[in-house]
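Chain by chain, the residues:
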Amino acid sequence: MTDTALTNGAVPVPVTTRKDWSSDQEVRWCPGCGDYSILAAVQMALPDFGVRRENTVFVSGIGCAARFPYYMNTYGMHSIHGRAPAIATGLAASRPDLDVWVITGDGDSLSIGGNHLIHALRRNINITILLFNNQIYGLTKGQYSPTSEVAKVTKSTPFGSLEQPFNPLSLALGAEATFVARTHDMDRKHMIETFRRAHEHRGASFVEIYQNCNVFNDGAFEGITGKDNRAEMLIPLEHGQPVRFGAEGEHGVVLRSDGTVHIVDVAEVGEEHLLVHDARRENPGLAFQLSRLSRGPFEPTPIGVFRDVERPEYGQQMADQMAMAESRRGGPGDLASLLRSGSTWTVGAG
Amino acid sequence: MSDTTTDEHAPHTLDRVVIRFAGDSGDGMQLTGDRFTTSSALLGNDIATFPDFPAEIRAPAGTLAGVSAFQVHISDHDILTPGDAPNVLVAMNPAALRANTGILSPGAIVIVNVDAFDERSLAKAGYEANPLTDGSLSAYTVYEVPMTSITTEVSKDAGVKPRDAERSKNFFALGLISWLYTRPIEPTLAWIDERFGGKPLVREANVRAFKAGYHFGETAELFESSYEVRPAKLEPGEYANITGNIATAWGLIAASVRSGLPLFLGTYPITPASDILHELSKHKHFGVRTFQAEDEIAGIGAALGASFGGLLGVTTTSGPGVDLKSETMGLAISLELPLVIVDVQRGGPSTGLPTKTEQADLLHAMYGRHGEAPLPIVAAKTPAHCFDAAIEAVRLAVTYRTPVMLLTDGYLANGTEPWLIPDVDTLPAIEPAFATGPNAEGPDGTPRFEPYRRDERTLARPWAPPGVAGLEHRVGGLEKADGTGSVSYDGVNHERMVHLRAAKIAGIARDIPPVEVDDEGGDAEVLVVGWGSTYGAIAAAVRRVRARGLKVAHVHLVHLNPFPANLGEVLARYRTVLVPEINMGQLSRLLRAEFLVPAESVSKVQGVPFRAAELEAIVLDRLGVTVAAAPSDGKVSD
Ligand SMILES: Cc1ncc(C[n+]2csc(CCOP(=O)(O)OP(=O)(O)O)c2C)c(N)n1
Ligand code: SF4
Ligand SMILES: [Mg+2]
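Predicted, not measured: the structure shown is a model, and the values here were computed from it.

**Q** Could you give me a rundown of the site of ligand 2, with the residues and numbers involved?
**A** Inspection of the region around ligand 2 gives A:Trp29, A:Cys30, A:Cys33, A:Cys64, A:Asn134, A:Gln211, A:Cys213, A:Asn214, A:Val215 and A:Phe216 as its neighbouring residues. A class-by-class count of the residues in the shell around ligand 2 yields 7 nonpolar, 3 polar and no charged.

Here you go:
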């Protein structure tokens, strides 16, 4: 940190660079792991967010992804498997002054911690959840995960897995999430922009990041995130813009009268009939449709912000209730009167 | 009971009486008992109560399974238990009679709602013949009172439907007992007004039933006389009647106020702990945050997150919830952050006996985590003592940056006793002592913050909640290097950390009072060692034994980990060490392992507390005294 600058308000926030946000700990992911680029994107993004290191906390569960807090020069907690959303809930509800981030993997958040994830989302806790989805258990060396495709052959499923995977975005939308987005580890700019939007949102923000595990599930997203495939396979969602993709914008998405969305050739249907993306819609139905446009990272897949709506944030509501209780009682609690608030009687001396 | 009055018309004076109200779960017996207790407390009696109710909200009406009872012991001297054997039973139906006749004292008064003794109800309770007529109750003085019919009769012209009017019969019973024991009626009438003010018809029916019960006593000439129990000579001061759960909640608030740490409760509803949540959620104006989580894991997780944020994190639960919290307790031990886990013990294993009491979680509290994971354990011994125990748990958690388990149980949670309200300025001060700046130097001499550099005296690490520039640091469940707190897989460092964590908890022994031995002459040969809610029964048994001119000593442990520093030396002084517990002998195992003494377990696991007489008999036996019908009737003691 070198200087201080004035941001929007009158409070000076130190000017920082990526280096200020990097801890002195040696990063220990496998060489080539997608986690590196996500870490770099976060460390590069934060200096522009106008926030302070001392007011920033990263909370994680267990998994490769969950090592993340050790590498951030902020406050941090590497907790236990699946429980980060619960721990972050207590922290964020107690300390509305903090920026609380949750770093989690697909096993951490959707298997062992699925319950905490959905409840944090529905409560709209003021946290930013980054789900590193590599469709595999990395840290335990390559078992299938709740986002692995059907029939996946792994160490624990030599004959192929039998399970229908979760669609993390559909799940988050079903759990009443107010901010839902997707990005991927091959596009730093897109990641930074998505993190910025997620961070600005008051309440629970959910970001799925397609992340390559080059050791146990290499190339899982290559078909859509590879440099040469992106134009044809990624559908960028931009609020207020027609949904279209392809090198020349030749493909697009339309909304049919039965409420379903479909990929079309723009030339065939006409530009004016394309769906115009509206992330602010109260009703999550359309966002849900978009989340199901692709069955997996082998078909054209939307990325960007699917949903971004306002709803009161839990910590703020909790603080409001406390303030209301205080004003109703005419001031903060008095211990001596509390202890005498039931029926009491006095025993005299002698 | 001693009877000291001779005047025919004045009430007979008793030194104490044990009354048990029993009826169907839907009959309002808990409310009735509670009201009688409050008016007795306001009269200045010493009191102890024992609510005893089924797990089902409404078991089938009229069955033994559905019987709900409330036992209250009132006295003109200080008492320790809700009483072994009731002197008076109020039975609202045959099932309530059948479930309770076995425990009555000889010659007890039995007041039955005779209207409920029809053939169907008798059959439901499992009676083949009517006990009111077959002579099976000849050991007792039985009064048959038509409670239902009088109650409906008096409300006939009040606009209440007969079915609804009938519901007020518990107030008739309350009125009758209030007359029999000369309790003033005004406080109860005022209470009915307040409680049912919003429902004028219900209010009216309850008032009429209550007054009808009172007047029935006066005019029916059924009873030879009424009785009175004079005020007890308690220590001067202001008193409240308080349950263990309320005392726990208030103790936590008091600790929050005394430490300046806002309270955060993360919890999930479970019997018999939920009332702590209910109570704390009323007190948001104390800066109390209550969070009803999605499960117990999230409850403790959120509490730990709050502690990381510099608040007082607390979680409350009972046995099944403790199972779920174990992993997070281990994390809290590794993170070395303050946290209080309240376990209101109940019968186990599994769902067990949700509404019945047990002390079988001690070894779980002690050892129920993987790895070497010690934490301090504090146990409350009476309902009111839950207040002090909660403050002590917080004090240790904050001072030593550690999770602490506070053990209470179902009996303490719902039982009540008069509580001498403390002067808040005399409560222990608790100092959070947050880290304010660097505490070490880097290799190049620059000041830096090391999150695991310990205080030399307490071995506690610094507590540095987010928000302070320069103290940014990461903590986690992976083993940490001594001092810097960086991740370390080094075996020798791990061993050092295991020993440091253990030494920190063991060192608390220097910071807690030595055990007080209650041994009048100092020359008893038998020592009774207890912990938790057995306090009242043990102390009462000890009084009874001494009243026979015999010697016995009593030690009651509040700190179970670490033990007080002098405990080993105390145990070694006695020929016989008896350890009564509502479990299979968990403390006795710890004492044997720790001190190599032949501690003898006295075990009972029936979901109910020990009776003083049971313990008296065992102590007498170990003293080599054989007394025909060994237990005294408790005249002098209890
Ligand atoms: C209670 C518990 N169960 C199991 C484990 C073992 N475990 C550690 S990480 C992990 C799965 C991690 O997968 P994911 O969340 O997808 O993270 P990734 O390693 O892929 O980043 C498992 C099963 C554990 N640490 N704790
Ligand atoms: S195992 Fe996979 S996810 Fe884990 S660090 Fe290695 S490459 Fe990354
Ligand atoms: Mg994974």
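Continuing now.
**Q** Lay out the site of ligand 1 in plain terms, naming residues and giving numbers.
**A** Among the 17 residues in the neighbourhood of ligand 1, the closest are listed as A:Cys64, A:Asp106, A:Gly107, A:Asp108 and A:Leu139. Around ligand 1, the neighbouring residues derive from chains A and B rather than from a single chain. A distance of 2.9 Å is found between an oxygen atom of ligand 1 and a backbone nitrogen or oxygen belonging to A:Leu139. In the complex, the protein chains occlude 76% of the 590 Å² of accessible area that ligand 1 would expose alone. When residues in the shell around ligand 1 are grouped by element, the largest group, 4 residues, is from helix H3 (residues 106-112) of chain A. Of the residues contributing to the shell around ligand 1, the split by class is 7 nonpolar, 7 polar and 3 charged.

**Q** Would you mind going over the coordination of the magnesium ion (ligand 3) in detail, with residue names and values included?
**A** Angles at a metal have ideal values that depend on geometry: 109.5 degrees with four tetrahedral donors, 90 or 180 degrees with six octahedral donors. Residues and elements named next belong to chain A. All of the protein donors around the magnesium ion (ligand 3) are Asp106 (OD), Asn134 (OD1) and Ile136 (O); their distances to the metal are 2.1 to 2.2 Å. When the donors of the magnesium ion (ligand 3) are listed by position in the chain, the intervening gaps give D-x27-N-x1-I. Taken together, the residues aspartate 106 in helix H3 and asparagine 134 in the loop between strand S6 (127-133) and helix H5 (168-174) connect sequence positions 28 residues apart. The exposure classification of aspartate 106 matches that of asparagine 134, with both residues buried.

**Q** Describe the packing of aromatic side chains, naming the residues involved and giving the relevant values.
**A** The full count for this structure, using the stated rule, is 23 aromatic pairs over all chains. For the ring pair A:Phe58 and A:Phe68, a centre distance of 5.6 Å and an interplane angle of 40 degrees mean the geometry is tilted. Of this pair, A:Phe58 sits in strand S3 (residues 56-60) while A:Phe68 sits in the loop between S3 and strand S4 (75-78), and the two are 10 residues apart along the sequence. Across the pair, A:Phe68 and A:Phe58 agree in class, each one buried. Judged by centre distance (6.3 Å) and plane angle (40 degrees), the ring pair of B:Phe264 and B:Phe291 falls under tilted. Of this pair, B:Phe264 sits in strand S10 (residues 263-267) while B:Phe291 sits in strand S11 (residues 289-292), placing them 27 residues apart in sequence. Like B:Phe291, B:Phe264 is buried. One aromatic cluster is present, formed by A:Trp29, A:Tyr36, A:Phe58, A:Phe68, A:Tyr71, A:Trp101 and A:Phe132 through successive ring pairs.

**Q** Summarise the sheet that holds strand S5 (residues 88-91) of chain B; cite the residues concerned and give the values.
**A** All names here are of chain B. Strand order in the open sheet made by the 6 strands is S3-S4-S2-S5-S6-S7, with mixed pairing throughout. The open sheet has two free edges, formed respectively by strand S3 (46-52) and strand S7 (141-145), since each of these has just one partner strand. The average angle at which neighbouring strand axes cross in this sheet is 15 degrees, direction not considered. One ladder, built from 5 bridges, connects strand S6 (residues 109-113) with S7; its direction is parallel. Opposite isoleucine 111, over in S7, you have tyrosine 143 as the bridge partner. Relative to the sheet, helix H1 (residues 29-43) contacts strand S2 (16-24), S3 and strand S4 (67-75), its axis offset from that of S4 by approximately 10 degrees. Contacts from helix H6 (residues 169-180) reach S2, S5, S6 and S7 within the one sheet, and its direction differs from that of S6 by about 155 degrees.

**Q** Got a sec to walk through helix H1 (residues 35-45) of chain A? Specific residues and values, please.
**A** All names here are of chain A. In terms of residue burial, H1 counts as a mostly covered element, since 9 of its 11 residues are buried. What H1 keeps buried is the set Asp35, Ser37, Ile38, Leu39, Ala40, Ala41, Val42, Gln43 and Ala45. Elements in contact with the buried residues of H1: S3, S6, helix H6 (188-200) and strand S8 (205-210).

**Q** Let's hear about the sheet that holds strand S5 (residues 99-105) of chain A: which residues, and what values?
**A** Within the open sheet, the 9 strands sit side by side as S9(A)-S13(A)-S7(A)-S8(A)-S6(A)-S5(A)-S3(A)-S4(A)-S19(B). Their pairing is mixed. Each having just a single partner strand, strand S9 (234-237) of chain A together with strand S19 (474-476) of chain B make up the two edges of the open sheet. Between one strand axis and the next, the sheet turns by 20 degrees as a mean value, whatever way the strands run. Here S9(A) runs beside strand S13 (residues 301-308) of chain A; their pairing, made up of 4 bridges, is parallel. In the sheet register, A:Leu234 faces S13(A), and the bridge partner there is A:Thr301. Sheet strands in contact with helix H12 (residues 319-335) of chain B are S4 of chain A together with S19 of chain B, and its direction is about 140 degrees off that of S19(B).

Here is what the cut-offs are and how they apply
Residues numbered from 1 in each chain as written. Chains lettered and ligands numbered in written order. Predicted model: local features only at pLDDT ≥ 70, side-chain atom pairs only at ≥ 80, totals over all residues. Heavy atoms only, no water. Near = heavy atom within 4 Å. Nonpolar A, V, L, I, M, F, W, Y, C, P; charged D, E, K, R; others polar. Polar contact = N/O pair within 3.5 Å; in protein donor to acceptor, adjacent residues only side chain to side chain. Areas by Shrake-Rupley, 256 points an atom, 1.4 Å probe, with all protein chains shown as cover. Helix = DSSP H or I, 4+ residues; strand = E, 2+ residues; numbered from the N terminus. Donors = N, O, S within 2.8 Å, 3.2 Å for Na, K, Ca; no water. Buried < 20%, exposed > 50% of the residue type's maximum accessible area, 1.4 Å probe, protein only. Phe/Tyr/Trp six-rings, centres within 6.5 Å; stacked < 30°, edge-to-face > 60°. Pairing = 2+ DSSP bridges. Axes fitted to C-alpha atoms, helices over the stretch in contact; angles between N-to-C directions. Contact = heavy atoms within 4.5 Å.

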